[in-house]
Amino acid sequence: MNNTTPKQTHTGDRVRRSILTNMIIVPFIPFILAIGVGFYYFTTSLENNTTASMKRIVSDHRNMIESFLMERKADLEFVTNAFQYDEINQKETIDAIFENLKKQSGAFIDLGLFDPQGIHVRYSGKYELQGKTYADELWFKQVMQNGAYISDIFLGYRHLPHFVIAIKHGSGKNTWVLRATIDTLYFDRMISQVRIGKTGEAYILNKDGISQSERRSSNIQVMEKDPEFADFSKPEEAIHTFIKTDSSGIKYLYAVTWLKDKEWMLVVRQEKKDAYRFLYTAVYINLIIMILGVAVIIVVATFITDRILKQIEKLGREKENLGNQLIRAAQLAEIGEMAAGFAHEINNPLQIIKSEHALIETFLEDISHKIDEKGKRDLDEIEDSLGQIKIQVNRCSEITHAILRFGRKNEIRLETLNPCCVIPEIIHMIEKKAEVHGIEIIKQLSEDSPEFIGDTSQFQQVMLNLFNNAMDAITERHGSKGGMLKIETGMKDEKFLIVKITDNGAGISPENIGKIFSPFFTTKPVGKGTGLGLSVCYGIIESFGGTMEVTSEENAGAAFIISLPVITQ
Amino acid sequence: MEKLKMMLVDDEERYLQTTAKLIEKKGYEVLTAGSGEEALEKLRVQTVHVVVLDMKMPGMDGNETLKAIKAMYPLVEVIMLTGHATVDSAIDGLRNGAFDYLMKPADLDQILEKSLDAFEKRQRIEEKIRVAQMKIL
């Protein structure tokens, strides 16, 4: 059934849009809020965590490096305090001291004794450095000036990167300096222990940005200048964190702190992408959840909207059907009443015509004795004509009586009827007529046919009407041989009694089948039917709470199916 | 032997005239009245055996007229003339003592037949009354 007009479709579209919009937006707002708020707090906390953990690493390593340097310095100070210059200036002693120091820490490479002129007077280690003059070296100047010095990394005579710790002892002519070289490899290992994620690394720069340690990414070698250093924001506080993009466009998260009285800077850095990889994972997961969530919301909303709309449409159609039925019922009632009033009024003039006719008849009889032969012939004509008047008046009165029966509101006595009792009685009434017309009556009344509620005489009227119609149709097609009229009863859904009356008569044409229950519709010749029979039947069955349907094939027969609600306990 | 004397009551003037003529031609005496009131008026002054009464009339309708006739002249027999829609009121009429009813449009022969039956009944009752009076005397 597709009878939606463009206007209805338009309204449907509007309703659909409005429902759909609401169904999407309403869950969408809390959904986005929840995701957004959760995401904000999660990322903030993650960022704080990452920064805090970098700060902690920097702080731990600063302490470790500082204490390492302090310890090595303390080692040397112990030696300078415990031994005299002359004692150390003996090969065996200095070797023994060096061995002992190496036991203290594997970081010591060699040990050397210097006089105030910077001459390397005694040396213990693997390089040939004894006798060389260091008076112009930066470290020597510094140690002579400050008493103790830890150098940056430099190449020196051995042409290898290293750094030294030097301690001055005594004063004036008795001044001497003890110097130890620290293994940069050992030192580097200590720093490069720092491994965070895939790209996290730690390294040391001096205050001019010269690299003091190996680094994991190893794009800048020891003693090379770090080009990034110039742009570092120099920390005022103990540990400083910032984000910086390097020349290749990679963003790094930095944590830096000063070491060694702002001589060195400990740098811990990690690619931002790596440091925040959980954050990015969270972002991706969030995005996926969001997209999926929105998709689910849209799909569900569309689905539910469709269901709601279908429901609305169904209700609309039901309402329309109900409305049509009501209109039809009201029209039927109106037509019935009108017709009844009309018929009643027609009866009075008919009565007068009848009297006039009777009067004329009597006068004509009187005259007939007084006229000649020719007059008699005319009189016959008049009598014939009068006969017609009588026939036509009777025909009118038959019609009005039929209409009045249709409009009659008799008292209806509803009672329990058993189809197995009432139907055979009614069939009995027509058996004679059927026999005359050569119609075979087939009864298939199932014994367990349920009882229903109705008025006996009304039910009888319905059945007789259907039987008579069927027999008329059969006679029309078969004459007086080969007719078949079948009456069946059965059950449907345990709720309805079905009475089916099938004939093999002329059938009903498709254009007529929709109209056969309408009042005054008839296919019978003029004067043979009022067109009220089936509409009365229809009304009666409806008043029993049942329905009546018809199926037919032209020139093959018709079937009338009556469904009546059965009595339920 | 007494002859049937009847009265037709209907609001259709022409029907009264024609039917009266016909009945007279058949040899019976007939009165006509155009309303219930007129019928009662005429009954007061003349003897009538059978009244043929239309159910639907302006003013006093058939049933009211019937009740009045039966109350004042219980021996007068009444035949109701009814359209189909007023069959129920015809049944009321039978309860109120009408002799019978006829469906419009009715043939004159039917009317006469029923009227004669009614007349016969009336004569039987009058006979009984006479016999009863004889016994008393």
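The rules behind the values
- Residues numbered from 1 in each chain as written.
- Chains lettered and ligands numbered in written order.
- Predicted model: local features only at pLDDT ≥ 70, side-chain atom pairs only at ≥ 80, totals over all residues.
- Heavy atoms only, no water.
- Helix = DSSP H or I, 4+ residues; strand = E, 2+ residues; numbered from the N terminus.
- Expected span 1.5 Å × (residues − 1).
- Buried < 20%, exposed > 50% of the residue type's maximum accessible area, 1.4 Å probe, protein only.
- Contact = heavy atoms within 4.5 Å.
- Phe/Tyr/Trp six-rings, centres within 6.5 Å; stacked < 30°, edge-to-face > 60°.
- Lys NZ or Arg CZ within 6 Å of the ring centre and 35° of its normal.
- Pairing = 2+ DSSP bridges.
- Axes fitted to C-alpha atoms, helices over the stretch in contact; angles between N-to-C directions.
- Buried area = accessible area lost by both parts, 1.4 Å probe.
- Salt bridge = Lys/Arg side-chain N within 4 Å of Asp/Glu carboxyl O.
- Nonpolar A, V, L, I, M, F, W, Y, C, P; charged D, E, K, R; others polar.
- Patch = residues over 30% accessible without salt bridge, like charges linked within 9 Å, V, L, I, M, F, W, Y side chains within 5 Å.
- Areas by Shrake-Rupley, 256 points an atom, 1.4 Å probe, with all protein chains shown as cover.
- pLDDT = per-residue confidence, 0-100.
- Arc of directions from axis to C-beta.
- Polar contact = N/O pair within 3.5 Å; in protein donor to acceptor, adjacent residues only side chain to side chain.
- Left-handed = near helix turned anticlockwise from the far one by under 90°.

Regarding helix 1 (residues 13-25) of chain B
Inference 1: Helix length check: helix 1 of chain B (13 residues) gives 18 Å between terminal C-alpha atoms against 18 Å at 1.5 Å per residue, within 8%.
Inference 2: All buried positions along helix 1 of chain B are accounted for by B:Tyr15, B:Leu16, B:Thr18, B:Thr19, B:Ala20, B:Leu22 and B:Ile23.
Inference 3: Those residues of helix 1 of chain B that are buried lie in contact with helix 7 (277-368) of chain A together with strand 1 (5-9), strand 2 (29-33), strand 4 (77-82) and helix 5 (108-136) of chain B.
Inference 4: One or two positions beyond helix 1 of chain B, positive phi appears at B:Gly27, with a value near 100 degrees.

A closer look at the environment of A:Glu47
Residues and elements named next belong to chain A.
Inference 1: Relative to the assigned elements, Glu47 resides in helix 1 (residues 6-82).
Inference 2: The sequence separation of Glu47 and Ala275 amounts to 228 residues, and the corresponding C-alpha distance is 8.9 Å.
Inference 3: If sequence neighbours within four positions are ignored, Glu47 has contacts with Tyr276 and Leu279.

Let's talk about the packing of aromatic side chains
Residue and element names in this part refer to chain A.
Inference 1: Enumeration according to the criterion identifies 14 aromatic pairs over all chains in this entry.
Inference 2: Judged by centre distance (5.0 Å) and plane angle (75 degrees), the ring pair of Phe114 and Trp139 falls under edge-to-face. Residue Phe114 is located in strand 1 (residues 108-114), and its partner Trp139 is located in helix 4 (residues 138-146); the two are separated by 25 residues in the primary sequence. Of the two residues examined, Phe114 and Trp139, each falls in the buried class.
Inference 3: A ring pair is formed by Phe517 and Tyr538, whose centres lie 4.8 Å apart and whose planes are at 35 degrees; its orientation type is tilted. Residue Phe517 is located in the loop between helix 11 (510-513) and helix 12 (533-543), and its partner Tyr538 is located in helix 12; the two are separated by 21 residues in the primary sequence. The two residues Phe517 and Tyr538 agree in class, both being buried.
Inference 4: An aromatic cluster of at least three residues, connected via ring pairs, comprises Phe114, Tyr134, Trp139 and Phe140.
Inference 5: The aromatic ring of Phe278 is capped on one face by Arg277, whose charged end is 5.0 Å from the ring centroid.

Some words on unusual backbone geometry
Inference 1: In this structure, B:Pro105 follows B:Lys104 across a cis peptide bond, with omega equal to -10 degrees.
Inference 2: Within the secondary structure layout, B:Pro105 lies in the loop between strand 5 (100-103) and helix 5.
Inference 3: One non-glycine residue with positive phi stands out, namely A:Asn555, at about 65 degrees.

Concerning the sheet that holds strand 2 of chain B
Residue and element names in this part refer to chain B.
Inference 1: The sheet built from five strands is open, its strands ordered 2-1-3-4-5 with parallel pairing. Every interior strand has two partners, whereas the edge strands, strand 2 and strand 5, have only one. Across the sheet, the axes of successive neighbouring strands diverge by a mean angle of 20 degrees, strand direction being ignored.
Inference 2: Looking at chain direction, strand 3 (residues 50-54) and strand 4 are connected through five bridges and run parallel. Bridging from a neighbouring strand, Leu53 pairs with Met80 of strand 4.

Digging into the interface of chain A and chain B
When the parts of a complex come together, some accessible area is lost, and that lost area is often taken as the interface size.
Inference 1: Listed as interface residues are 21 residues of chain A and, on the opposing side, 20 residues of chain B.
Inference 2: Carbon and sulfur atoms make up 62% of the surface buried where chain A meets chain B, a total of about 2000 Å² over both sides.
Inference 3: Seen at the junction of chain A and chain B, the total is four salt bridges.
Inference 4: In this structure, B:Arg14 engages A:Glu356 in a salt bridge whose closest nitrogen and oxygen atoms are separated by 2.7 Å.
Inference 5: Elements with a contribution of two residues or more to the side of chain A that touches chain B: helix 7 and helix 8 (373-407) of chain A.
Inference 6: Ranked by residue count, the leading element in the side of chain A that touches chain B is helix 7 of chain A, at 15 residues.
Inference 7: Each residue belonging to the side of chain A that touches chain B can be placed in one class, and the counts come to six nonpolar, nine polar and six charged.

Details of a nonpolar patch on the surface
All names here are of chain A.
Inference 1: Residues Val15, Val296, Val300, Phe303, Ile304, Ile308 and Ile312 make up a contiguous nonpolar surface patch of about 530 Å² in total accessible area.
Inference 2: Take the nonpolar patch: its biggest share by element is six residues, from helix 7.
Inference 3: Examined against the element boundaries, Phe303 turns out to sit in helix 7.
Inference 4: The exposure class of Phe303 is partly exposed, given its relative accessible area of 49%.

Focus: the confidence of the model for chain A
Inference 1: Per-residue pLDDT for chain A has a mean of 83; in total, 95% of the residues score no lower than 70.
Inference 2: Across residues 1-5 of chain A the pLDDT falls below 50, and counting only partners more than four positions away or on other chains, this stretch makes five contacts in the model.

Quick look at the side chain of A:Lys244
Inference 1: Relative to the helices and strands, A:Lys244 resides in strand 7 (residues 240-245).
Inference 2: Discounting chain neighbours no more than four positions away, the residues touching A:Lys244 are A:Glu228, A:Asp231, A:Phe232, A:Ile250, A:Lys251, A:Tyr252 and A:Tyr254.

Looking at the pairing of strand 16 (residues 557-565) of chain A
Residue and element names in this part refer to chain A.
Inference 1: Across the nine residues that make up strand 16, a large majority, eight, are buried.
Inference 2: Bridging between strand 14 (residues 496-503) and strand 16 involves eight bridges; their strand directions are antiparallel. Within the sheet, the bridge partner assigned to Thr502 lies in strand 16 and is Ala559.
Inference 3: The sheet contact formed by strand 15 (residues 547-553) and strand 16 spans seven bridges and is antiparallel. Residue pairing for strand 16: Glu553 is matched across the bridge by Gly557.
Inference 4: Connecting strand 15 to the next strand, strand 16, in antiparallel fashion are three residues, including Asn555 with a positive phi near 65 degrees.

With respect to helix 5 (residues 184-192) of chain A
All names here are of chain A.
Inference 1: Those residues of helix 5 not exposed but buried are Thr184, Phe187, Asp188, Met190 and Ile191. Buried residues along helix 5 cover an arc of 155 degrees about the axis, so they all sit on one side. Pointing more than 90 degrees away from the buried face of helix 5 are the exposed residues Leu185 and Arg189.
Inference 2: Two or three places before Leu185, at the start of helix 5, stands the capping residue Asp183, its side-chain oxygen 2.9 Å from that residue's backbone nitrogen.

Description of the pattern of salt bridges
Inference 1: Enumeration according to the criterion identifies 22 salt bridges over all chains in this entry.
Inference 2: For B:Lys5, the salt bridge identified is with B:Glu29, shortest N-O distance 3.4 Å. Of this pair, B:Lys5 sits in strand 1 while B:Glu29 sits in strand 2, and the two are 24 residues apart along the sequence.
Inference 3: One connected set of salt bridges, linked through shared partners, spans A:Glu71, A:Arg72 and A:Asp75.

Concerning the packing of helix 9 (residues 419-436) of chain A against helix 10 (residues 456-478) of chain A
Residues and elements named next belong to chain A.
Inference 1: Close contact between helix 9 and helix 10 brings their axes to 10 Å; oriented N to C, the two are set at 35 degrees. Note on packing geometry: the crossing formed by helix 9 with helix 10 is right-handed. Contacts between helix 9 and helix 10 pair Val422, Ile423, Ile426, Ile427, Met429, Ile430, Lys433 and Ala434 from the former with Phe459, Gln460, Met463, Leu464, Phe467, Asn468 and Met471 from the latter.
Inference 2: Its residues placed into classes, the contact of helix 9 with helix 10 shows 12 nonpolar, two polar and one charged.

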